Structure formats: structure tokens, C-alpha cells
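# Overview (structure and organization)
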Amino acid sequence: QVQLVESGGGLVQAGGSLRLSCAASGRTFAMGWFRQAPGKEREFAAAISWSGGSTTYADSVKGRFTISRDKAKNTVALEMNSLKPEDTAVYYCAAARIKSPTTRPREYDSWGQGTQVTVSS
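Now for a quick tour of the structure. (Residues numbered from 1 in each chain as written. Predicted model: local features only at pLDDT ≥ 70, side-chain atom pairs only at ≥ 80, totals over all residues. Heavy atoms only, no water.)

### Details of the overall build of the protein
Quick note on the threshold: A run of H or I in DSSP counts as a helix once it spans at least four residues, and a run of E counts as a strand once it spans at least two, with each numbered from the N terminus. Only C-alpha atoms enter the radius of gyration, while the globule expectation follows 2.2 Å times N to the 0.38, with N the number of residues. Buried means the residue's accessible area, taken with a 1.4 Å probe over protein chains only, is under 20% of the maximum for its type, while exposed means over 50%, and partly exposed covers the values in between. Contacts are assigned to residue pairs that have any heavy atoms within 4.5 Å of one another. Only the protein chains shown count as cover for residues, with accessible areas throughout obtained via the Shrake-Rupley method and a probe of 1.4 Å.
Along its length, the protein carries zero helices and eleven strands. Counting from the amino terminus, the protein carries its helices and strands in the arrangement β-β-β-β-β-β-β-β-β-β-β. Computed over its C-alpha atoms, the radius of gyration of the protein comes to 13 Å, within 12% of the 14 Å expected for a compact globule of 121 residues. With respect to the three principal axes, the spread of C-alpha positions in the protein is 40 × 25 × 25 Å. A burial count over the protein gives 44% of its 121 residues as buried. Relative to all contacts within the protein whose residues are 6 or more apart in sequence, the contacts with residues 24 or more apart total 58%. Of the roughly 6,200 Å² of accessible surface on the protein, 47% is carried by carbon and sulfur atoms.

### Observations concerning the nonpolar core
To be explicit about the condition: Among buried residues, those of type Ala, Val, Leu, Ile, Met, Phe, Trp, Tyr and Cys that are joined through side-chain atoms within 4.5 Å constitute a nonpolar core.
Counting 35 residues, the largest nonpolar core has Trp-33, Leu-78, Met-80 and Tyr-91 as its most contacted members. Among the secondary structure elements, those contributing two or more residues to this core are β3 (18–25), β4 (31–36), β5 (43–48), β7 (65–70), β8 (75–80), β9 (89–96) and β11 (115–120).

### Some thoughts on the pairing of strand β1 (residues 3–7)
Selection rule: Strands are treated as partners if at least two bridges between them are detected by DSSP.
Covered by surrounding structure in β1 are Leu-4 and Glu-6 only, the residues Gln-3, Val-5 and Ser-7 on the alternate face being uncovered. Relative to β3, β1 runs antiparallel, the two sharing five bridges. If you follow Leu-4 over to β3, its bridge partner there is Ala-24.

### Observations regarding the sheet that holds β1
The condition that has to hold: Axes here mean lines fitted to C-alpha atoms, for a helix over just the part in contact, with angles spanning 0 to 180 degrees between N-to-C directions.
Taken together, the four strands give an open sheet; going across it, the order is β1-β3-β8-β7, and neighbouring strands pair in antiparallel fashion. Each edge of the open sheet is held by one strand with a lone partner, namely β1 and β7. On average, each strand axis in the sheet is tilted by 15° relative to the strand beside it, whichever way the strands run. In terms of strand pairing, β7 meets β8 through six bridges, oriented antiparallel.

Written out as C-alpha cells, the structure is:
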């Protein structure tokens, strides 16, 4: 399995920005970010293909979040802008078994420990 370590979470005011990073050890294919708010199920946020040429986003973050990857460094990032209080959650980096970006948790077989993002109003 791939080992994933997230960083970059924190506290930010509404309207602000944060950049999350995920460092992977091992071979990776498509990568994704999921999030889980208190009392809610884990939900998909963004994913990027193995090549980095294709991305997909949840409607709730489209236009505000950008996922990218650096294959040479084996890292994936999530740039989050115009943050809202409802973006508050633990954000998880995940590595998929396939090359295409996917929204389905069952397509991912490695998960990081998560990083907390808190957006104050």
C-alpha cells in the first residue's frame, strides 16, 4: 500500500485560502481528496488522473478548489480559495487503484490520516 501524509490544514476566516499537500511513498495512480465534517459521512471533494491531465470536482467546491500533482515529487495538492464555514472538515488524501479520476471511495485503497481545516465565519 501507498503511505500518504497530509499537511497544510489550519484555521482560516471565511473568504480566505489554504493549500493542502499530500506526500506519497510508493507508486500512485489517480489521487483524490475527500473530507468529513463532524456528524457527517466522508464525501468526495476532488480527484486528479495519473497523468495530471484530467480532474473532477464535487459541485460544492467547483470553481473554488484546484487539485494538482507533481509526479516528480510524488505529491498532490489542493488549493482552496473563497473558503466557507461549511468547508470545515477533516480532509483526507487518497490513492486510487485506477488511472482515471474517480469520485467513488471504493476505488481508493490507501488513505492518509487527515488534516483539519476550520473556517470561521
